[in-house]
Amino acid sequence: MKVRESRPASFWPLAIVFSLFVLFMYGPMFVIFILSFQGPEGGLTFPMRGVSLHWFAKLAEGLGVVDIGAALWRSLGLGVAVMLCTVVLSVLAGLAFRKRLAGGNTLFFIVVASLIMPSIIVSLGIGLEFRLIDNGIKAALEWLGMESALEGYGTSLGLFTSALGAHLTWTLPFGLLIMFAVFNRFNPAYEEAARDLGSTPWQGFAHVVLPLIAPSVVGIGMFGFTLSWDEIARTSQAIGDVNTLPLELQGLTSTVTTPSIYALGTLTTVVSFVVMGITLALVWALGRRGQGRPG
Amino acid sequence: MSTTTQSLPAAAVPGRSIAAWWQAAPFTLVFALFFLIPLALIVMVSFWDFNEYELLPGFTFKNYISIFAGCGDASDGLCVTLKTYYSTLKFSFLVWLITLVIGFTVAYFLAFHVRSSGMQTLLFVLCTIPFWTSNVIRMISWVPLLGRNGLVNQTLMGMNLIETPVEWLLFSDFSVVLAFVHLYTMFMIVPIFNSMMRIDRSLIEAASDSGASGWQTLWNVIVPLSRTGIIIGSIFVITIVMGDFVTIGVMGGQQIASIGKIIQVQTSYLQFPLAAANAVILLAVVLMIIWGLTRLVDIRKEL
């Protein structure tokens with residue numbers, strides 16, 4: 001063991017810079033959490049005028065014309081769908097990249113390109129694509145003479161079509177990079193052992209590989225959900241008639257001038273942290289189970 | 001995240017690569033449908049014509065010409081497009097510089113000054129937690145601080161440093177840059193910290209044994225070896241700021257122009273071909289910046 005050296009002279013200035021940075025990160029957020037508990041007389045700034053849940057109650061009644069409850073459920077639904085797709089597709093692609101994958105380099109390049117592409121461009125492209133699909137479908141319906149179907153047809157832009165796709169272009173790159181990190185540290189000896197003992201590829205995956213990578217898979221799910229839950233830029237042009245919660249929130253910033261908007265901020269943050277908490281608990285439980293096993 | 005696909009175990013059994021393709025197919029399909037085709041459509045539609053109701057397929061340079069209308073004439077200042085690019089590039093540069101300095105300092109502190117790995121993880125996680133809360137919330141959380149009657153103005157006035165509230169704190173270039181730094185410094189810290197953690201500590205000892213001062217070690221050993229992280233972080237921050245319209249909208253009080261905002265506004269008026277032409281130009285600018293940055297490092301090797 002090394003003898004504990006004295007701290008270099010640069011330690012304390014850097015420690016102060018780091019503390020200021022953390023304060024900078026958290027300070028403003030705590031301010032709005034506190035302000036969301038203002039009394040009914042309170043405004044957007046300090047000083048606090050009483051403490052109450054008044055603005056949360058106001059929020060439950062709805063803000064102006066916006067149905068917050070519906071937007072919240074839409075965002076939750078989309079987040080869960082994105083999470084499931086991200087987990088399944090990333091794990092499959094991660095497995096594929098372990099083997100010899102023709103065109104794997106090209107695919108990897110596309111994934112990285114998607115990650116660093118300005119979101120507004122992706123969003124615009126997907127919006128355009130679905131509008132052109134709409135035109136195509138309408139033309140086809142007209143040609144087929146299906147008048148009633150044509151009149152009832154709205155748009156193919158929607159939460160689980162274009163918006164889901166837009167979110168996946170953002171969450172899947174993270175999922176794949178995590179899978180790379182996982183399989184980079186993965187010992188294939190366990191799999192070989194299973195194969196030698198006569199397991200089918202599916203058995204080998206379900207009983208050996210999956211339990212070993214389970215904590216990371218849960219992590220990918222968390223990434224998928226939380227990235228989708230807060231996403232604005234990629235959703236903006238690709239959503240159609242209805243909005244997700246962050247989009248509504250963005251609109252509300254210019255119209256709502258009461259602490260209700262802080263209450264909404266507190267609420268969405270709580271959802272993010274609940275998801276993170278559940279995930280960490282799952283990862284911890286899975287990790288413990290893995291350790292408890294012999295071998 | 002340190003891997004290269006080549007080093008992963010290759011299939012020993014023939015026929016495996018076909019199975020691998022089936023596994024990668026759904027993933028690939030998503031990127032084909034929601035990334036490659038949309039990009040191709042943007043390029044295609046940028047040459048289309050349009051009226052108030054619909055897109056008119058064709059091939060015209062009209063959209064590009066109208067974007068740069070008046071730009072050839074240097075006598076009466078910059079045209080709108082060039083002004084917007086100037087302002088967007090200015091924000092990108094400022095935010096890049098500030099996040100780089102802060103990100104490097106924070107990562108350096110975490111990587112080289114925090115000794116126990118438990119403490120290191122704890123402080124690192126502490127830095128990443130704000131990333132998991134909504135961006136809009138993090139933006140509007142500056143309002144009670146910077147507003148006309150905000151905490152900063154109240155404090156300054158309470159200390160009798162100013163007579164009237166400072167107006168430029170909110171809905172200004174200042175608040176936009178501040179919000180960007182607040183939102184995206186994380187994108188600098190994580191890759192820089194990651195490459196710093198991979199630096200062999202004996203190199204630093206060797207430098208100090210050879211008589212290098214702290215600054216010399218920092219500049220000649222640590223900065224070159226964290227180059228990859230710096231470049232990756234820079235690409236993230238610059239592309240985000242170049243395409244942004246949400247932060248500039250909310251924090252600029254909807255008064256400051258950016259390329260992203262122009263695209264968004266044109267889309268809302270259904271001027272898709274114009275928006276597409278703007279997107280193509282933005283894409284070209286961003287690609288040139290990234291190309292310039294990647295001359296300095298091979299990202300594919302480092303991820």
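(A) Quick look at the overall build of chain B. Each helix and strand in chain B was counted, giving 15 helices and two strands. A total of 303 residues make up chain B; the buried ones form 50% of that total. A fraction of 69% describes how many contacts in chain B between residues 6 or more apart in sequence connect residues 24 or more apart. With the model as given, the accessible surface of chain B reaches about 14,400 Å², and the carbon-plus-sulfur share is 68%.

(B) Quick look at the overall build of chain A. Looking only at helices and strands, one finds 12 helices and zero strands in chain A. Ordered by position from the N terminus, the helices and strands of chain A form the series α-α-α-α-α-α-α-α-α-α-α-α. What you see for chain A is a C-alpha radius of gyration of 25 Å, clearly larger than the 19 Å of a compact globule of 295 residues, by over 25%. Along the three orthogonal principal directions, the C-alpha set of chain A runs to about 80 × 70 × 35 Å. Within chain A, buried positions represent 53% of all 295 residues. Expressed as a percentage of contacts within chain A between residues at least 6 apart in sequence, the contacts between residues at least 24 apart total 72%.

(C) Focus on helix H10 (residues 214–225) of chain B. Residues and elements named next belong to chain B. Between its first and last C-alpha, H10 extends 15 Å over 12 residues, near the 16 Å set by a 1.5 Å rise per residue. Every buried residue of H10 is listed here: Thr217, Leu218, Val221 and Ile222. Viewed end-on, H10 has its buried residues packed into an arc of 125°, placing them on one side of the element. Turned more than 90 degrees away from the buried face of H10, the exposed residues are Trp215, Trp219 and Asn220. Considering only its buried residues, H10 is in contact with helix H3 (80–113), helix H8 (173–197) and helix H9 (201–209).

(D) Layout of the interface of chain B and chain A. Taken together, the contact between chain B and chain A spans 88 residues of the former and 96 residues of the latter. By the criterion of area lost to chain A, the three top residues of chain B are B:Phe27, B:Phe34 and B:Trp132, representing 10% of everything that side buries. The interface formed by chain B and chain A holds zero salt bridges in total. Counting every contact that joins chain B to chain A gives seven residue pairs in polar contact (both at pLDDT 80 or more).

(E) View of the packing of helix H13 (residues 259–268) of chain B against helix H14 (residues 272–294) of chain B. All names here are of chain B. Remark: H13 packs on H14, axes separated minimally by 8 Å, with the N-to-C direction vectors making an angle of 160°. Here H14 runs roughly antiparallel to H13, going by the angle between their axes. The element H13 and its partner H14 pack so that their crossing is left-handed. On the side of H13, the interface is formed by Ile259, Ile262, Ile263, Gln266 and Thr267, while H14 contributes Phe272, Leu274, Ala275, Asn278, Ala279 and Leu282. Classifying every residue of the contact of H13 with H14 by side-chain character gives eight nonpolar, three polar and no charged.

(F) Representation of the nonpolar core. Counting residues in each nonpolar core, the largest one holds 170 residues, and the members touching the most others are A:Ile121, B:Phe27, B:Phe109, B:Met196 and B:Leu282. The biggest single contributor to this core is H8(B), with 15 residues. Among all residues touching B:Phe109, those that are not within four sequence positions of it are A:Phe11, A:Leu14, A:Ala15, A:Phe18, B:Val114 and B:Leu123. Core analysis: the next-biggest nonpolar cluster, separate from the first, contains 13 residues, A:Val87, A:Val182, A:Val209 and A:Val217 among them.

(G) Local environment of the side chain of A:Thr226. Residues and elements named next belong to chain A. If you trace the backbone, Thr226 turns up in helix H9 (residues 201–229). By relative accessible area, which is 1% here, Thr226 ends up buried. In terms of polar contacts, Thr226 uses its side chain to reach the backbone carbonyl oxygen of Met222, at 2.7 Å.

(H) Region of interest: the pattern of salt bridges. Residue and element names in this part refer to chain B. On inspection of all chains with the given rule, the structure shows three salt bridges over all chains. With a closest N to O distance of 3.1 Å, Asp173 and Lys90 form a salt bridge. Taken together, the residues Asp173 in helix H8 and Lys90 in helix H3 connect sequence positions 83 residues apart. The class of Asp173 is partly exposed, set by a relative accessible area of 36%.

(I) Just the confidence of the model for chain B, in detail. Residue and element names in this part refer to chain B. On average, chain B scores 84 in pLDDT, and the residues at 70 or more come to 90%. This stretch, residues 1–14, has a pLDDT under 50; its non-local contacts, to residues over four places away or in other chains, come to 32 contacts. Scored by ipTM, the complex comes to 0.85, with pTM at 0.86.

(J) Up close: the environment of B:Cys127. Within the secondary structure, B:Cys127 is located in helix H4 (residues 117–128). Classification of B:Cys127 by relative accessible area gives buried; the value is 4%. Note: C-alpha distance between B:Cys127 and B:Thr185 (58 residues apart in sequence) is 9.6 Å. Apart from the residues lying within four places of it in its own chain, the contact partners of B:Cys127 are A:Phe18, A:Phe21, B:Val106 and B:Met186.

(K) Quick look at a nonpolar patch on the surface. Residues and elements named next belong to chain B. Together, Phe93, Leu94, Leu97, Ile98 and Val101 line one region of the surface with nonpolar side chains, adding up to about 410 Å² of accessible area. Structurally, Val101 can be placed in helix H3. With relative accessibility at 53%, the residue Val101 sits in the exposed group.

(L) Inspection of unusual backbone geometry at higher detail. All names here are of chain B. In this structure, Phe171 takes a positive phi of about 55° despite not being glycine. Note that Phe171 resides in the loop between helix H7 (151–158) and H8. On the basis of relative accessible area, Phe171 is assigned to the partly exposed category, the value being 48%. A positive phi angle is found at Leu270, which is not glycine, with a value near 60°. Looking at where Leu270 falls in the secondary structure, it is placed in the loop between H13 and H14. On the basis of relative accessibility, which here comes to 40%, the residue Leu270 falls in the partly exposed class.

Cut-off values and rules
- Residues numbered from 1 in each chain as written.
- Chains lettered and ligands numbered in written order.
- Predicted model: local features only at pLDDT ≥ 70, side-chain atom pairs only at ≥ 80, totals over all residues.
- Heavy atoms only, no water.
- Helix = DSSP H or I, 4+ residues; strand = E, 2+ residues; numbered from the N terminus.
- Buried < 20%, exposed > 50% of the residue type's maximum accessible area, 1.4 Å probe, protein only.
- Contact = heavy atoms within 4.5 Å.
- Areas by Shrake-Rupley, 256 points an atom, 1.4 Å probe, with all protein chains shown as cover.
- Rg over C-alpha atoms; globule rule 2.2 N^0.38 Å.
- Expected span 1.5 Å × (residues − 1).
- Arc of directions from axis to C-beta.
- Buried area = accessible area lost by both parts, 1.4 Å probe.
- Salt bridge = Lys/Arg side-chain N within 4 Å of Asp/Glu carboxyl O.
- Polar contact = N/O pair within 3.5 Å; in protein donor to acceptor, adjacent residues only side chain to side chain.
- Axes fitted to C-alpha atoms, helices over the stretch in contact; angles between N-to-C directions.
- Parallel < 35°, antiparallel > 145°, perpendicular 65-115°, else oblique.
- Left-handed = near helix turned anticlockwise from the far one by under 90°.
- Nonpolar A, V, L, I, M, F, W, Y, C, P; charged D, E, K, R; others polar.
- Core = buried A, V, L, I, M, F, W, Y, C linked by side-chain atoms within 4.5 Å.
- pLDDT = per-residue confidence, 0-100.
- Patch = residues over 30% accessible without salt bridge, like charges linked within 9 Å, V, L, I, M, F, W, Y side chains within 5 Å.

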